[in-house]
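Chain by chain, the residues:
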Amino acid sequence: MNVIGKKVRKVDGQELITGRAKFAGDYRFPGMVYGSVKRAGVPAGRITKIDADAARQLPGVVDVLTAADIPGPNLIGVLPPFDQPLLASDEIRYDGESVVLVIAESAEIARRAAEKVSVTINPYDPILTVDDALAPDARKIHETGNVTFTKKLIKGDAAAAFEGADVIVEGVYETSNQDHAYLEPETVCAVPGRRITLYASCQSPFHIRGHVAANLNLPASSVKVVQASTGGSFGGKDDVATEIGALACIAALRLNRPVMIAHERAESMIGSNLRHAARIRCKTGATKDGKIVARDVNVLLDGGAYASESPFVTMKTLIHAAGPYTIENLFVESTTVYTNKTYCGAFRGFGVPQVTFASESQIDELADKLGMDRLEIRRLNGLKAGDANATGQVYQQSVGLQETITKIAESVETSAPTTEDDRYLYGTGYACVAQGISNGAEGVDVTGASVQMSQDGSVLVGIGLTELGQGSRTVWAQLASAILGVSLDRVSVRLVDTDGVHDSGPTVASRSTTVGGMAVLKAAEEVKKSLVTMAGLMMKTDAENIELRDGFAILKMDDNARIPIPDVATAAYWTGFPLMNLAFSKAPDADYDHDTHQGDVYIAYNYGTHRMDVRVDKLTGQVKVLNHLAAHDVGKVINPLGLEGQIEGASLIGFGFAHMEKIRYRDGIIQNANFADYALPSIKDRIPTATIPVEDHNPTGPFGAKGAGEPPVAAAGAVFANAVSDAVGVRFERLPITREDIVEAIERGNHD
Amino acid sequence: MNYLKPSTVEEATELLGSSQGMILAGGTDACVYMAEGFCDPETLIDIGAIDSLRGIETQPSDDGDVLWIGACTTISEIEASEALPRALRQGAHAIGSPQIRNLGTIGGNICNASPCGDTLAPLLSLEARFVLRSATGTRTVESADFFTGPKQTVLQAGELLECIDLPIDSCEWISAFRMIGNRNGQAISQVNAAVSTKLEGGVIQAMRAAVGSVAPVPLRLPQLEGALVGKTLQSVQWADLKAPIMAEIRPIDDVRSTATYRQELAVTLIFDALMDCARQDESARKGADT
Amino acid sequence: MNLHFICNGQAVQIDVEPNARAIDVLRDVLGLTGTKEGCGRGECGACTVLLDGKPVNSCMVLAGKLEGRTVLTIEGVAGADGSLHPIQEAFLDVGAVQCGFCTPGMVLSTKALLDENDSPTIDEIEDALSGNLCRCTGYGKIVDGVLEASERLAQGTQEHGAKP
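Residues numbered from 1 in each chain as written. Chains lettered and ligands numbered in written order. Predicted model: local features only at pLDDT ≥ 70, side-chain atom pairs only at ≥ 80, totals over all residues.

Undergrad: Run through the overall build of chain C, naming residues and quoting values.
TA: Each helix and strand counted, chain C has five helices and five strands in total. Ordered by position in the sequence, the α and β elements of chain C form the string β-β-α-β-β-β-α-α-α-α. Relative to the globule expectation of 15 Å for 164 residues, the C-alpha radius of gyration of chain C, 16 Å, shows essentially globular dimensions. For the C-alpha atoms alone, the extent of chain C along its principal axes is close to 45 × 35 × 25 Å. Scored against the burial criterion, the 164 residues of chain C give a buried share of 62%. Across chain C, the fraction of contacts at a sequence separation of at least 24, relative to all contacts at a separation of at least 6, is 62%. (Helix = DSSP H or I, 4+ residues; strand = E, 2+ residues; numbered from the N terminus. Rg over C-alpha atoms; globule rule 2.2 N^0.38 Å. Buried ≥ 20, exposed ≤ 12 C-beta atoms within 10 Å, placed from the backbone. Contact = placed C-beta atoms within 7 Å.)

As structure tokens, this is what we get:
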């Protein structure tokens, strides 16, 4: 049976559902000790003294490390020059800054001992807003200044085009920091040996290996990173896994004992990256017919204390600020600045949710100003195959935006209340999104994958991309199953271990199905060549007359002429035909101008249109989502269960971003670093997302597929804002739109 | 750490008197405090296994019959007990999650004295009395007098909460509870409110209202109570409630909410609880008619 | 203290500090690492186990409270022969598992619900699982999994005669 497009179980589900899957915190080694860090506790200052005597004296404490004990450069980051220390030696740039690592016989002792470490800090006035950071006389948080990264996208002549616009809308849109809030806090376990092994809850093991080795002052080959079962990541387990991974390895080598470092929940929120808070000034001009002629956007991202993935997030906001629309004249400037707050980096959506909120708000404003239908204006301006997008890139196929709009328009159902109750306000919102798939022009995009068949006909897939819950292993297994004609239960996917699989780049940018899938497909095709050649020899016919299906090599013209695949594999093995292949998938080199951000960026885009109907309680601000439709062009559905799971899960993260979740700072200290006060949605807050897949074949993906993990976050966030704005009759320009905000807006409206 | 597990109340109060240990009932607050390092008790006295501290039953008392609730009765048991007034059951249901409610006790919720504890406003609105016991004797305190500040009560060293007495007549009144938190499931109240009403033909003969999270302690609202007596419950308007409630509450801005929103919520939640009572009364009267 | 309790059907006798947390006893002393720690404050439900049949946060239970009681962890849910419980089968079939970290707690909360109520409404399911946070799925498929499991359990009961 061909399993492409079929609802299949997760290939790694059995271990997870029985509790047998090994997460990093589940490893146990003889002699293992535990690490805990002392954090700065103030957002800015200079360390004047570290006194760890009281900690050392606590029974059970085995070691105390400071920056001086780090063999390598004591720096991590994503792009050079790396700017984040593992342990701070002088400057304190945020409250969660790690200063001292304490190792003890138990996690509990380590934590208590870390609390006893005294770090004397000469405090500075913290810089807590982007405005303060950019003030001409601002203290420099880093030697390079307070601008982390700034870029411009220039297409056409926006300033001139505004002159010819009949209507112009302008606004300033703000979004807040969001925490990944994966259920498993960051955890690593380092085991010393001739080569050190790091078991890590992580997203990009090869990236971690490089940084860990550098900070050990050893070659990368001296470190092996094994990805443990990872309890969610969403972009969050890159930098921080590097940080605690390096610390654990350094301590493990010093002590010659295994070292585990597991974050507590509060540390996970304070001491690892968040989604960038953003302030987006946006201006859009259109003709009286509703055709958008120009847009000018200024994006200011609060990146917190360190650069992390900010350069890429900055770039992503540039490229996506136009949304999925043809806008011939575009000027976008995007800047990330340093502040004395928790550093910000990758989080599912990667800058796109922020700019999509601004963009989609303006589309509604334009429609209202022009008296146009809100869906119609999207259709009018929406990208089609052959159109040039924001960077001037033209796709001749797989631009399914218009079909997602059509599907949403067709599936409209009435949300009007059956009984009139003046307690409630009702509203409907629409939002469209485009999100680039692959690293694209942000970096080189290469994936290596291996496929091998044993003589018993079973298949093993190896790839350096990671399973984080998103179901990628299942997709890769389905691809191998489909090509090699064996059932899905005969296919396994290796756990990721930097010794055992090829470096495949980072598991980011919704690229696993698309770029990773292509590598698996190519490797499987090579193994298939050996099998059909062998079967051809056995059936005395040419290889092209053989197909692999249902566990057999079958003569195409005679279904009864068939040989079990294990027999073919065994014969191929003894004949010396290779049954293993390592293949690479590389995105085409981008033809891209980094000064204007014009050119070809991504191998594909995912396009989507959402509709949401809400009921707002005027007195409490409670919002009930009555209906949420999410249509996405995914090229080709590989596993409907996986796709729905991605769209539903991403949508709820988008809903949290837009309505419930907000990191609350006071004087640079996070006030709600726990799950009671940081409200990620519970099951009673879920929204009724219905997935509507659109399949516009993507030539750069396996069987035409393209990724879908991120785009619904942006669309769900924007559609919530538009639906609530519609219900309340007030344009909300700040996310999250909390219950307090809604009540306040209604009150204000009553008094006006 | 010493962990003591007495099997009788007498034993518990003696241990408490001699050790100055910390009482552990369900443990859902104590475990958080210990994990956060807010407390590091030398001795824990686990009263969770004392049978005589558990249960719900009618008992005679000097002031007439009372509904007796043992302090170690779990929140889940409160929630499930059909003998108890609706406001208290609804308040119990609003606490944490099923997991927390299966562990946590009503005595713990009371003695933790968080201004947002969800059984507190119901208990005030039911004019519950708390029986405090020490090695030297017992005393009874009105629920409205028990709380002295956030996490502070009149409990003295060596005293523990033994039981809660609900006057039987207040259990016969129609009552309701409402809360709103920062999410719909497993939320801590930004504000909670309880009302209990004595009605005749839909007219309020007497009522008691209480709110939580709008002052350092859960508050009774006597001005509101006075303003509503004699009115038809159905005719009560949101706007009627605002002035008397605002006069009595003192909400603050904090990490969980803003003072302004809390004011609005206090009014709305009292209003919604009253409407809940109105619906109960209506269906009771319909039931009586048929 | 010397502690006796029943864990996954087997009598356990161990010596532990009475103020150790139940989650640590299960994971570190008994090696039952299927019980997960997500917050350590009773706020996420990843550490849910059944104590005398009722779901509790094992991070909020001190070891001393286990004395004489019965604990069920995820390791005790599947059959001794390794066959999955119908709840586990249903969760896999509907796609209720993504990263799997909340899953053991979800399965146990579901089991506690279905043991008491064999045909729960959606509201009852949401109530029963309100203490189990999940960041991956958006919860829809988890609700589907509980509904599917309740149907399968009902069918199983019919096939095997009346319930005890």
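The structure having been displayed, the exposition proceeds.
Undergrad: I'd like a description of the overall build of chain B, backed by residues and values.
TA: Along chain B, the regular secondary structure elements total 12 helices and 14 strands. Seen through its C-alpha atoms, chain B measures out along the principal axes to roughly 60 × 45 × 30 Å. By the burial criterion, 53% of the 290 residues in chain B qualify as buried. Counting contacts in chain B only where the partners sit at least 6 residues apart, residues at least 24 apart contribute 65% of the total.

Undergrad: Can you break down the domain arrangement of chain C residue by residue, with the values?
TA: Residue and element names in this part refer to chain C. Along its sequence, chain C is carved into domain 1 (2-76) and domain 2 (86-159). Its C-alpha centre places domain 1 at a distance of 21 Å from the equivalent point of domain 2. Domain 1 puts 16 residues into the contact, and the matching count from domain 2 is 13 residues. Looking at the side of domain 1 that touches domain 2, the elements with two or more residues in it are strand E3 (48-51) and strand E4 (54-57). Broken down by element, the side of domain 1 that touches domain 2 gets its largest block of residues, three residues, from E3. Within the side of domain 1 that touches domain 2, the residues separate by chemical class into eight nonpolar, six polar and two charged. (Domains from an automatic or database assignment. Nonpolar A, V, L, I, M, F, W, Y, C, P; charged D, E, K, R; others polar.)

Undergrad: I'd like to hear about the pairing of strand E7 (residues 137-142) of chain B, residue by residue, with values.
TA: All names here are of chain B. Of all six residues in E7, zero are buried, a share of ten percent or less. The sheet contact formed by strand E6 (residues 129-134) and E7 spans six bridges and is antiparallel. The residue of E7 that forms the bridge with Phe-130 is Val-141. Counted between consecutive antiparallel strands, the loop separating E6 from E7 contains two residues. (Pairing = 2+ DSSP bridges.)

Undergrad: Describe the confidence of the model for chain C, naming the residues involved and giving the relevant values.
TA: Chain-level pLDDT for chain C is 95 on average; 96% of the residues reach the 70-or-more range. Interface confidence for the predicted complex, expressed as ipTM, amounts to 0.96; the pTM equals 0.97. (pLDDT = per-residue confidence, 0-100.)

Undergrad: So what's going on with the environment of B:Lys151? Residues and values would help.
TA: Residues and elements named next belong to chain B. Its location among the elements puts Lys-151 in the loop between strand E8 (147-149) and strand E9 (152-153). The exposure class of Lys-151 is partly exposed, given the 15 C-beta atoms found within 10 Å. With 33 residues separating them along the chain, Lys-151 and Asp-118 place their C-alpha atoms 14 Å apart. Not counting residues within four places of it along the chain, the set of residues in contact with Lys-151 comprises Asn-112, Ala-113 and Ser-114.

Undergrad: How would you summarise the nonpolar core if you had to cite specific residues and measurements?
TA: A general trend in soluble globular proteins is that nonpolar side chains are found buried together. Of all hydrophobic cores here, the largest spans 401 residues; its most connected members are A:Val100, A:Ala248 and B:Ile270. With near-sequence residues (within four places) excluded, A:Ala248 lies in contact with A:Gly35, A:Val188, A:Cys189, A:Ala190, A:Leu198, A:Val259, A:Met260 and A:Ile261. (Core = buried A, V, L, I, M, F, W, Y, C linked by C-beta atoms within 7 Å.)

Undergrad: Before we move on, can you summarise the interface of chain A and chain B with the specific residues and values?
TA: Listed by partner, the interface residues are 18 residues for chain A and 17 residues for chain B. Among the residues making up the side of chain A that touches chain B, the classes are represented as seven nonpolar, four polar and seven charged.

Undergrad: Requested: an account of the sheet that holds strand E11 (residues 223-227) of chain A, with residues and values cited.
TA: Residue and element names in this part refer to chain A. With mixed pairing, seven strands are arranged side by side in an open sheet as E3-E5-E1-E12-E9-E10-E11. Looking at the sheet topology across the chains shown, the edges are occupied by strand E3 (61-65) and E11. Averaged over all pairs of adjacent strands, the angle between strand axes in this sheet comes to 25 degrees, irrespective of strand direction. Packed onto the sheet, helix H3 (residues 107-116) meets strand E1 (33-39), E3, strand E5 (98-104) and strand E12 (259-262) and runs at close to 25 degrees relative to E1. Strands in contact with helix H6 (residues 205-216) are strand E10 (196-200) and E11; relative to E11, the strand with the most contacts, it is inclined by about 145 degrees. (Axes fitted to C-alpha atoms, helices over the stretch in contact; angles between N-to-C directions.)

Undergrad: Report on the domain arrangement of chain B, specifying residues and quantitative values.
TA: One frequent convention defines the size of an interface as the accessible area lost when the parts assemble. Assigned domains of chain B: these are domain 1 (1-48) and domain 2 (174-282). Averaged C-alpha coordinates put domain 1 of chain B and domain 2 of chain B at centres separated by 35 Å.

Undergrad: Requested: an account of the interface of chain C and chain A, with residues and values cited.
TA: The interface is formed by 40 residues belonging to chain C together with 42 residues belonging to chain A. Ranked by residues supplied to the side of chain C that touches chain A, first place goes to helix H2 (residues 86-94) of chain C with four residues. Here the residues of the side of chain C that touches chain A are counted per class, giving 19 nonpolar, 13 polar and eight charged.

Undergrad: Which residues make up the packing of helix H16 (residues 640-660) of chain A against helix H17 (residues 711-728) of chain A, and what are the values?
TA: All names here are of chain A. Direction vectors running N to C along H16 and H17 enclose 45 degrees, while the axes themselves pass 7 Å from each other. With respect to their mutual orientation, H16 and H17 come out oblique. Once H16 is placed against H17, the crossing between them reads as right-handed. Contacts from Ile-647, Ala-650, Ser-651, Ile-653, Gly-654, Phe-655, Phe-657, Ala-658 and His-659 of H16 reach H17 at Pro-712, Val-713, Ala-714, Ala-715, Ala-716, Gly-717, Phe-720 and Ala-721. Residue classes in the contact of H16 with H17 are distributed as 13 nonpolar, four polar and no charged. (Parallel < 35°, antiparallel > 145°, perpendicular 65-115°, else oblique. Left-handed = near helix turned anticlockwise from the far one by under 90°.)

Undergrad: An account of unusual backbone geometry is needed here, citing residue identities and associated values.
TA: In the segment running from A:Leu735 into A:Pro736, the intervening peptide bond is cis, with an omega of -5 degrees. Within the secondary structure layout, A:Pro736 lies in the loop between H17 and helix H18 (739-751). In the Ramachandran plot, A:Asp550 falls in the positive-phi region, its phi being about 55 degrees despite a non-glycine side chain. Note that A:Asp550 resides in the loop between strand E20 (546-549) and strand E21 (552-555). According to the C-beta neighbour criterion, A:Asp550 is partly exposed, with 14 such atoms within 10 Å. Phi angles above zero are rare outside glycine, and C:Tyr139 is one such case at about 75 degrees. Structurally, C:Tyr139 is set in the loop between helix H4 (122-128) and helix H5 (140-159). Of the residues examined, C:Tyr139 has 28 C-beta atoms within 10 Å and is grouped as buried.

Undergrad: Describe the sheet that holds strand E27 (residues 623-633) of chain A, listing the residues and the values that go with them.
TA: For sheets, the rule is that strands pair by backbone hydrogen bonds, running either parallel or antiparallel. Residues and elements named next belong to chain A. Judged by pairing direction, the sheet is mixed, and its four strands sit side by side in the order E16-E26-E27-E30 without closing on themselves. Strand pairing shows two members of the sheet lacking a second neighbour, strand E16 (424-437) and strand E30 (689-694), which therefore form its edges. On average, each strand axis in the sheet is tilted by 15 degrees relative to the strand beside it, whichever way the strands run. The pairing of E27 with E30 spans six bridges and is parallel. Directly across from Ala-630, in E30, lies its bridge partner Thr-691. Packing of H17 onto the sheet brings it into contact with E16, strand E26 (604-617) and E27, and relative to E16 it is tilted by some 155 degrees.

Undergrad: Report on the environment of B:Ala113, specifying residues and quantitative values.
TA: All names here are of chain B. With respect to the helices and strands, the residue Ala-113 is situated in the loop between helix H6 (106-112) and helix H7 (120-125). C-alpha separation for the pair Ala-113 and Gly-70, spaced 43 residues apart in sequence, amounts to 17 Å. If near-sequence neighbours (up to four positions away) are discounted, Ala-113 is found in contact with Phe-147, Lys-151, Gln-152 and Thr-153.

Undergrad: Requested: an account of helix H12 (residues 401-410) of chain A, with residues and values cited.
TA: All names here are of chain A. The set of residues buried in H12 consists of Leu-401, Gln-402, Thr-404, Ile-405 and Ile-408. Across the axial projection of H12, the buried residues extend over an arc of 160 degrees, all falling on one side. In this fold, the buried residues of H12 make contact with helix H11 (374-381), E16, E26, E27 and E30. (Arc of directions from axis to C-beta.)

Undergrad: Explain the packing of helix H9 (residues 310-320) of chain A against helix H10 (residues 352-370) of chain A to me, using residue names and the numbers behind them.
TA: Residue and element names in this part refer to chain A. Between H9 and H10, whose axes approach to 9 Å, the crossing angle comes to 30 degrees. By the angle between their axes, H9 is roughly parallel relative to H10. The element H9 and its partner H10 pack so that their crossing is right-handed. Contacts between H9 and H10 involve Lys-316, Thr-317 and His-320 from the former and Val-352, Gln-354, Val-355 and Thr-356 from the latter. Within the contact of H9 with H10, the residues separate by chemical class into two nonpolar, four polar and one charged.

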